[in-house]
Amino acid sequence: MSGLERWFVLQIDIYGKKDIKMIRYKFLDTSIHEMNIHPNSIFSKERELARMFVSQLEKNNSLVYCPLCKSGNAELFFEKWGQKYYLCETDWSVNLLPLPDQKIMRDYFFTSELAKFRSSTEYQELATRLRQGLWSNLVEWIEGRVRRYVGMDKYHVIDWGSKFTGWINRLEKAHFISNLNMEEPLPPVKSYESTVQADLICLLDVIQRTTNPHELLKKVSKKLSLNGLLIITCRSGSGFDILTLREHSDNVFPLDHICLPSPKGIQKLLEEHGYKVLELTTPGLLDVEFVKNAKGKIPSDQYFQKHLISQFDEATLERMQIFLQQNNLSSHLRVVARRVEDRK
Ligand SMILES: [Zn+2]
């Protein structure tokens, strides 16, 4: 049985906690590794281009508040390339603060050397080749949520903030889609806006790069029909690898990562905008691998993590990853929510 097939024969416990169905996944897919997401040569170049862009930004020390819960109760968590990440003590979200302005955001994601590199054919083709397994897995997961919460028909879908042409090609082949629109994509994906409300909106790895999650949710809600489904994937700031590695995490950096909500933070955000959260899970596979690969860079005060990585075998590390998944402590967050109320 392949790792991907195992996804569907997991031990799944469904139990009610308040109104939310918490679905627990117990699986480890040995075919998914950091290399599939971040192949070394390409990822080093991306990171270097991002560092060059960010390093020339003005250092700003203005007042900080959490863009999710608006609390000013934030602790400086770490600095990277001259930019500061704060940990919100109210909801444990991690945010880049103060937030970059819209011109900087536009330059970074649309016209910078990094944006040009990411929209190149070479980069897009490599992503398509390496991410096929991940994307098939994601489409199957979304299809499962659609069948469970919406029905067996075909539906109008919007992919919000798409950044890979290969992902769009894969998604549009999905059985549950009647028509597919793309809103606010990054280059080279072309915008194809919907004139009507959709049944389903996918917001995949988008919240983490927004400076205003409330504004984003308002825009998304205008394009999603009442009772429509919102599917979210996002990096979570309260995940194991992020809390452990801080500035040493290779895969968390400005401005790709601005707003990293905790499970609690994202749930509150969705409820404020009239959504009912149906599922909230962190089925991440890679937290322990990220920490293991960063072995020499684990901060010196993280004794538990250093002990775990240096003294225990693979089987223990796998069990640790399963524990993180089961308790929503991984940094890969997935949420399924239904738009149940019209909020302005
Ligand atoms: Zn907060």
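Residues numbered from 1 in each chain as written. Predicted model: local features only at pLDDT ≥ 70, side-chain atom pairs only at ≥ 80, totals over all residues. Heavy atoms only, no water.

**Q** Could you clarify how one ought to interpret the pattern of salt bridges in this entry?
**A** The full count for this structure, using the stated rule, is 18 salt bridges. Residue Asp-301 pairs with Arg-246 through a salt bridge whose shortest N-O separation is 3.2 Å. Here Asp-301 is found in the loop between helix H11 (287-293) and helix H12 (303-311), whereas its partner Arg-246 is found in the loop between helix H9 (240-245) and strand S10 (259-260), with 55 residues between them in sequence. Judged by relative accessible area, Asp-301 falls into the partly exposed class, the value being 46%. Between Arg-339 and Asp-342 there is a salt bridge whose closest N-O contact spans 2.5 Å. Residue class for Arg-339 comes out buried when judged on its relative accessible area of 5%. (Salt bridge = Lys/Arg side-chain N within 4 Å of Asp/Glu carboxyl O. Helix = DSSP H or I, 4+ residues; strand = E, 2+ residues; numbered from the N terminus. Buried < 20%, exposed > 50% of the residue type's maximum accessible area, 1.4 Å probe, protein only.)

**Q** Would you mind showing me how to read the coordination of the zinc ion here?
**A** With distances of 2.3 to 2.7 Å, the protein atoms coordinating the zinc ion are Cys-66 (SG), Cys-69 (SG), Cys-88 (SG), Asp-91 (OD) and Asp-91 (OD). On the accessibility criterion, Asp-91 (6% relative accessible area) is buried. (Donors = N, O, S within 2.8 Å, 3.2 Å for Na, K, Ca; no water.)

**Q** What's the story with the sheet that holds strand S6 (residues 155-160) in this structure? I'm lost.
**A** Strands belonging to one sheet form pairs held by backbone hydrogen bonds; the direction of such a pair is parallel or antiparallel. The sheet built from six strands is open, its strands ordered S7-S6-S8-S9-S12-S11 with mixed pairing. Of all the strands in the sheet, the pair left with one neighbour each is strand S7 (177-183) and strand S11 (275-281). Each strand of the sheet is rotated relative to its neighbour by a mean of 20°, with strand direction disregarded. Bridge count between strand S9 (residues 224-235) and strand S12 (residues 332-339): seven bridges; the pairing is antiparallel. The residue of S12 that forms the bridge with Ile-231 is Val-336. (Pairing = 2+ DSSP bridges. Axes fitted to C-alpha atoms, helices over the stretch in contact; angles between N-to-C directions.)

**Q** What is the right way to look at the pairing of strand S4 (residues 83-88) in this model?
**A** Residues in a regular strand point their side chains to alternate faces of the sheet. In terms of residue burial, S4 counts as a mostly covered element, since six of its six residues are buried. Both faces of S4 are covered, namely the face carrying Gln-83, Tyr-85 and Leu-87 and the face carrying Lys-84, Tyr-86 and Cys-88. Pairing between strand S3 (residues 74-80) and S4: six bridges, direction antiparallel. Bridged to Leu-76 within S4 is Tyr-86. Where S4 lies against strand S5 (residues 94-97), four bridges are found, and the strand directions are antiparallel.

**Q** Sorry if this is basic, but what is going on with the sheet that holds S4 here?
**A** As summarised here, the arrangement of the four strands in space is S3-S4-S5-S10, forming an open sheet in which the pairing is antiparallel. In this open sheet, the two edge strands, each paired with only one partner strand, are S3 and S10. The pairing of S5 with S10 spans two bridges and is antiparallel. In the sheet register, Val-94 faces S10, and the bridge partner there is Leu-260.

**Q** Explain helix H3 (residues 40-55) to me, please; I cannot follow it from the model alone.
**A** Every α-helical turn comprises 3.6 residues, leaving residues that sit three or four positions apart pointing alike. With 16 residues, H3 ought to run about 22 Å at 1.5 Å a step, and its terminal C-alpha atoms sit 22 Å apart, in line with that. Taken together, the buried positions of H3 are occupied by Ile-42, Phe-43, Glu-46, Leu-49, Ala-50, Phe-53 and Val-54. Buried residues along H3 cover an arc of 130° about the axis, so they all sit on one side. Residues of H3 that are exposed and point more than 90 degrees away from the buried face comprise Asn-40 and Ser-41. Lining the buried residues of H3 we find S4, helix H4 (102-111), helix H5 (113-118) and helix H6 (121-149). (Expected span 1.5 Å × (residues − 1). Arc of directions from axis to C-beta. Contact = heavy atoms within 4.5 Å.)

**Q** Explain the packing of aromatic side chains to me, please; I cannot follow it from the model alone.
**A** To describe a pair of aromatic rings, you give the distance between the ring centres and the angle between the ring planes. Counting across every chain of the model gives ten aromatic pairs. Geometrically, the ring pair formed by Trp-81 and Phe-253 is tilted, given 5.5 Å between the ring centres and 40° between the ring planes. Here Trp-81 is found in the loop between S3 and S4, whereas its partner Phe-253 is found in the loop between H9 and S10, with 172 residues between them in sequence. Put simply, the rings of Phe-117, Tyr-123, Trp-135, Phe-164 and Trp-167 pair up and form one aromatic cluster. Just above the ring of Phe-109 sits the side chain of Arg-209; from NZ or CZ to the centre is 5.8 Å. (Phe/Tyr/Trp six-rings, centres within 6.5 Å; stacked < 30°, edge-to-face > 60°. Lys NZ or Arg CZ within 6 Å of the ring centre and 35° of its normal.)

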